[in-house]
Amino acid sequence: MSNATMENTESGNIEITSPDRQKQQNLSSWLPVTASREAKWWYSTFHNVTAMVGAGVLGLPFAMSQLGWVPGILAIVVSWLVTFYSLWQLIELHEVEPGKRFDRYPELGEHVFGKKLGYWIIMPQQTLVQVATSIVYTVTGGKSLKKFMDIAVPGIGHIKQTYFIIFFIAVQLVLSQTPNFNSLKGVSSLAAVMSFCYSMIAFIASSIRGSHHHPTRYGVRSHTVAGIIFDAMNGVGTIAFAYAGHSVVLEIQATIPSTPEKPSKKPMWKGASLACVIVAFCYFPVAISGFWAFGDLVDDDVLISLEKPSWLIALANLMVFLHVLGSYQVFAMPVFDQIESYLVGNRDFTPGRPLRLVARSVFVVLVGFVAICIPFFGGLLGFFGGLVFASISYFIPGIMWLIVHKPKRWSFHWIASWVSIIIGVSIALLAPIGGARQIIISAKTYKFFS
């Protein structure tokens, strides 16, 4: 037994522990997702609020302007219902196999679709969601900080947006050294509070403006049939982006302790359902009041459209900056986990601070460079929202549920899963087209590093 060791378990039985298994256990205790399992149920609330109520909420009035009153509100309501249900599905699937936890989205994919197929179905899409969100939040952080400084210190208005994005990147280089998910609880809780506060400021400021200045028209932005169709596609993608928290839900749940008597799904759902209620309180008021105040002239970030009261708008933009600092980390942590798992497990790197410093810093810098090159907020929301967010949040949980639980035809879960799949696939096919067009239009008047 040269390649294995024997250990006495609590029950008195002898357990064979191979070196490979011991190595995997040591790696799991070091990786950011599984290093600590001491989270409380309310941790999942602010992690989920931080993940969901982000840049997407600020783009909802713009999405309304691309869709119009009735289709816009309907799209937001349907998306909330679908993603509320699919979030519950993922939480239930976390421990669908007795005695085993699927701590990461790709691990659940491997269980459902098979080892290799499942990994390559889920991993690229989840990674693209995390990277895309990091790019958009880098753009959002830079734009919001510039807006804050332009109002608070008017004399520095000549400073380019690029420099504010670089400052955001510098702060992320420091925050990225946070060891694991649970270590983020302070940053994440601050981010969650900031997201709720700036959403309420956007709602109140838009309502005040709307009561004094009515837009000339509330129709859709475009005036041609082709433009209306493409804008509608982008608007649906923007709404899909706003429901992005599913890509980190299993990783958040992995931080909660679990026993057969008290499975992690109970506290996780308690926290996640509260987060969804908070999301609704943020999304619907901002979307409706922002479109009501500005009509089809609203910017792709509603806080950019708002000017008065200036001190309140400055405060809101500072809150956005503080929020995306934390939200960036919530989405980046699974990427850090994946990178470090590969480097240690496959490339025999030694786990420790030097590895984290180099690996995470490279990621932050590369994401920042892309953000500087393509800071087209509205187009990015629609493009990424449709390309990968729709699959991760809308229809993959439904497909997994049908495969694992095989509900009876025409039962509630069978119908709900298929509705989620059809809506999600439709968004995934159509929204990237509208988002790509929006990016192309924005790029025509853009100069690099401006």
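Residue indices follow the written sequence of each chain, beginning from 1 at its first position. Only residues with pLDDT of 70 or above have their local features reported here, since the model is predicted, and side-chain atom pairs are shown and tallied only from 80 upward, although totals for entire chains, interfaces and linings are computed over all residues. Hydrogens are left out, water is left out, and the side-chain values use all remaining heavy atoms of the structure.

Draft legend 1. Representation of the state of the cysteines. The criterion for a disulfide is a pair of cysteine sulfur atoms lying within 2.5 Å. Counted under the stated rule, the structure contains zero disulfides. Lacking any disulfide linkage, C282 is separated from the closest cysteine sulfur, that of C197, by 9.1 Å. Each residue's exposure class comes from its accessible area (1.4 Å probe, protein chains only) as a fraction of the maximum for that residue type: buried when under 20%, exposed when over 50%, partly exposed otherwise. Accessibility expressed as a relative area gives 0% for C282, which makes it buried.

Draft legend 2. The environment of V365, seen in detail. Its place among the elements puts V365 in helix α14 (residues 353-373). Sequence-wise, V365 and L173 are 192 residues apart; in three dimensions their C-alpha atoms are separated by 8.0 Å. By the criteria applied, helices consist of DSSP H or I runs no shorter than four residues and strands consist of E runs no shorter than two, each listed in order from the N terminus.

Draft legend 3. Structural detail: the side chain of D337. Positionally, D337 belongs in helix α13 (residues 310-345). According to the relative accessible area criterion, D337 is buried, its value standing at 3%. Pairing of N or O atoms within 3.5 Å defines a polar contact, subject to two protein rules: one partner must be a possible hydrogen donor and the other a possible acceptor, and residues neighboring in sequence count only if both atoms are side-chain atoms. Within the structure, the side chain of D337 is placed 3.3 Å from the backbone nitrogen of V33, a separation counted as a polar contact. Setting aside anything within four residues of it in sequence, one finds D337 in contact with L31, P32, V33 and R104. Contacts are assigned to residue pairs that have any heavy atoms within 4.5 Å of one another.

Draft legend 4. Local environment of the pattern of salt bridges. Here a salt bridge means any side-chain nitrogen of Lys or Arg lying within 4 Å of a carboxyl oxygen belonging to Asp or Glu. By the definition in use, this model includes nine salt bridges. One salt bridge connects R104 with E107, and the closest N-O pair in it is separated by 2.9 Å. On the accessibility criterion, R104 (14% relative accessible area) is buried. In this structure, a network of salt bridges that share partners links the residues R104, E107 and D337.

Keep in mind these values describe shape, not function.
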